[in-house]
Amino acid sequence: LGDNDIGHEAVSDFAAVIQKHPRLRELLMTRNRLGAAPELGVRLAKNTKLEYLDVSENLIDSGSSIVAALATNTALRTLLISGNKLGKQDANNLSEAMKDKSLHVTILDLARNAFDDESGVRIAENLHLSKLESLDLSGNHIGSQGCITFAAALEDKDTPLKNLRLGGNPLGEAGGLRLAEALVENTTLEKLDLNSGGNPFAPATGAMFIEVVALNRTLRFLGLAGCELGKIGTSEISEAIRENTSLTTLDLADNYIKPEYASELARALRQNRFLHNIRLIEGNNIGGPARRELMQAIRER
């Protein structure tokens, strides 16, 4: 039902679909200007069959009845609600649902909403009590304190999270450092996307994430595009790539990596037999022979 311009006036009719069709397992209602959609939340709270709901980009305001319904819904496993206007009240509702162990969702997409630093703290502080395996909070306004709380969650062995996206948030130097420190020891997270979206790392934070590349043995995907790692030292990046034995995908685009280090990077890529996908050329001003050498090393993977 995506892209049908349903509007908030008619949403009650479509909310009834959830109740009238007991076999319905998936519902996609993206980009329909649903607005507050209180009827949808009421139906969802009582539903025991729907497992997948996508209501992304629907002008849904903070205090969403859909998010509130997660406290009583026991069937939903995937909720995609990105590109809306969710905020503090929704973060509080999610945190309380985790604390009460009533949140059954395992995949939650909250990207591009209006979650601030306090919201990040609230969502992260009870992650260890949730069933969440995949969480997308990219493109919000989460700062240092939120990032520090996520780091603490990743150090808790009870946190089930395997996929975390925090790119495009002003995580700050203290938050980024703390997150990197947690990742050096973390043994559960498999995918971390920190592609900056205009929020590059401070030098100390970048250096710590280069160490994560070298030492972490669980991550399979690491997105560090736009983090200005090249300003820290390309030799360090090359050494980290040589040492890593777990990453299969690494995004280092837009990192000010200098072309004179292309040969060193190419040698590191040839020595690493685990990386299958790497973004290294885009946005790094690497051209001519240096570009060809790196492209050849990447093709040889």
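Below, the structure is looked at part by part. Numbers given to residues run from 1 along each chain, matching the order in which its sequence is written. For this predicted model, a pLDDT threshold of at least 70 governs which residues receive local features, and a threshold of 80 or more governs which side-chain atom pairs are given and counted, while totals over whole chains, interfaces and linings are taken from all residues. As a convention, hydrogens and water are excluded, and side-chain values are obtained from all of the structure's heavy atoms.

### A closer look at the overall build of the protein chain
The helix and strand labels rest on DSSP assignments: H or I over at least four residues marks a helix, E over at least two residues marks a strand, and numbering proceeds from the N terminus. A tally of regular secondary structure across the protein chain gives 11 helices and 10 strands. In terms of C-alpha radius of gyration, the protein chain reaches 21 Å, essentially the compact-globule figure of 19 Å for 301 residues. In terms of principal-axis extent, the alpha carbons of the protein chain reach across some 65 × 35 × 30 Å. The cut-offs for exposure are 20% and 50% of the maximum accessible area for each residue type, with area from a 1.4 Å probe on protein chains only; residues under the lower value are buried, those over the upper are exposed, and the others partly exposed. Counting over 301 residues, the protein chain shows a buried share of 51%. Residue contacts are defined here by distance: any two heavy atoms, one from each residue, within 4.5 Å place the two residues in contact. Within the protein chain, counting contacts between residues at least 6 apart in sequence, those at least 24 apart form 85% of the total. Entry remark: accessible area of the protein chain is about 12,900 Å², with carbon and sulfur atoms responsible for 49%. Residues counted as positive are Lys and Arg, residues counted as negative are Asp and Glu, and His and the chain ends are not counted. For the purpose of locating charges, the reference atoms are NZ of Lys, CZ of Arg, CG of Asp and CD of Glu. Here the protein chain carries 34 positive and 40 negative side-chain charges, and the mean point of each set is 5 Å from the other. Restricting the calculation to C-alpha atoms gives the radius of gyration, and the globule rule supplies 2.2 Å times the number of residues raised to the power 0.38. The method behind every accessible area is Shrake-Rupley, applied with a 1.4 Å probe, and residues are considered shielded solely by the protein chains displayed.

### Side note on the sheet that holds strand S7 (residues 191-193)
Strand pairing in a sheet takes place through backbone hydrogen bonds and is either antiparallel or parallel in direction. Being paired, for any two strands, means DSSP has found at least two bridges between them. One open sheet holds the 10 strands; their spatial order is S1-S2-S3-S4-S5-S6-S7-S8-S9-S10, and the pairing between them is parallel. Edge positions in the open sheet fall to strand S1 (26-28) and strand S10 (277-279), since each of these has one partner strand only. This sheet shows a mean twist of 5° between the axes of neighbouring strands, independent of strand direction. Bridge count for strand S3 (residues 78-80) against strand S4 (residues 107-109) is 3 bridges, and the pairing is parallel. Pairing of Leu79 across the sheet is with Leu108, part of S4. For helices, the fitted line uses only the C-alpha atoms of the stretch in contact; every axis is such a line through C-alpha atoms, and the angle between N-to-C directions lies from 0 to 180 degrees.

### Things to note about helix H5 (residues 117-125)
Here H5 has its buried residues at Ser119, Gly120, Arg122, Ile123 and Ala124. Where H5 is buried, its residues meet helix H4 (88-99), strand S5 (134-136) and helix H6 (144-155). Its side-chain oxygen 3.3 Å from the backbone nitrogen of Glu118, Asp116 forms the N-cap of H5. N or O atoms closer than or at 3.5 Å make up a polar contact, with two conditions inside protein: a donor-capable atom paired with an acceptor-capable one, and, for residues adjacent in sequence, both atoms drawn from side chains.

### Comments concerning the packing of aromatic side chains
Pairing of aromatic rings covers Phe, Tyr and the six-membered ring of Trp, with a centre-to-centre limit of 6.5 Å; geometry is then stacked below 30 degrees between planes, edge-to-face above 60, and tilted otherwise. For the coordinates displayed, the defined rule picks out 1 aromatic pair. Centre to centre, the rings of Phe201 and Phe209 are 4.9 Å apart; their planes meet at 10°, and the pair counts as stacked. Per residue, the accessibility class of Phe201 equals that of Phe209, and both read buried. Two conditions define a charge sitting above a ring: the NZ of Lys or the CZ of Arg must be within 6 Å of the ring centre, and it must be within 35 degrees of the ring normal. The ring of Phe221 carries Lys191 above its face, with NZ or CZ at 4.6 Å from the centroid.

### Focus: the pattern of salt bridges
For salt bridges, the criterion is a side-chain nitrogen of Lys or Arg within 4 Å of an Asp or Glu carboxyl oxygen. Counted under the stated rule, the structure contains 15 salt bridges. Close ionic contact of Glu118 with Lys88 constitutes a salt bridge, the shortest N to O distance being 3.5 Å. Here Glu118 is found in helix H5, whereas its partner Lys88 is found in helix H4, with 30 residues between them in sequence. Given the relative accessible area of 41%, Lys88 is considered partly exposed. In this structure, Arg122 and Glu96 form a salt bridge, with 3.1 Å as the shortest nitrogen-oxygen distance. Separated by 26 residues along the polypeptide, Arg122 in helix H5 and Glu96 in helix H4 bring together distant segments of the chain. Among the residues examined, Glu96 registers a relative accessible area of 34% and is labelled partly exposed. Within the structure, one salt-bridge network assembled from shared partners comprises Arg31, Glu57 and Arg112.

### Some details on helix H10 (residues 262-271)
Among the residues of H10, Ala262, Glu264, Leu265, Ala266, Ala268 and Leu269 are the ones counted as buried. At its buried positions, H10 is contacted by helix H9 (234-243), S10 and helix H11 (288-299).

### What about the environment of Leu166?
Topologically, Leu166 is positioned in the loop between strand S6 (163-165) and helix H7 (172-185). When its relative accessible area of 1% is taken as the criterion, Leu166 is described as buried. Sequence separation of Leu166 and Ser196 is 30 residues, and the distance between their C-alpha atoms is 8.5 Å. Once you skip the residues sitting within four places of it in the chain, Leu166 turns out to touch Leu137, Ser138, Phe150, Leu171, Leu179, Asp193 and Leu194.

### Some details on the packing of H7 against helix H8 (residues 203-215)
Two numbers describe how H7 lies on H8: the axes approach to 9 Å, and their chain directions differ by 15°. By the angle class used here, H7 and H8 are roughly parallel. Classified by chirality, the crossing of H8 by H7 is left-handed. Of H8, the residues touching H7 (which contributes Glu173, Gly176, Leu177, Leu179, Ala180, Glu181, Leu183 and Val184) are Ala204, Thr205, Met208, Phe209, Val212 and Leu215. The residue makeup of the contact of H7 with H8, split by class, is 10 nonpolar, 2 polar and 2 charged. Here roughly perpendicular refers to angles of 65 to 115 degrees, roughly parallel to angles under 35, roughly antiparallel to angles over 145, and oblique to all remaining angles. In a left-handed crossing the near helix is turned counterclockwise from the far helix by less than a right angle, and in a right-handed crossing that turn is clockwise. Charged residues are taken to be Asp, Glu, Lys and Arg, nonpolar residues to be Ala, Val, Leu, Ile, Met, Phe, Trp, Tyr, Cys and Pro, and polar residues to be all remaining types, Gly included.

Interpretation note: all reported values are geometric properties and have no functional meaning in isolation.
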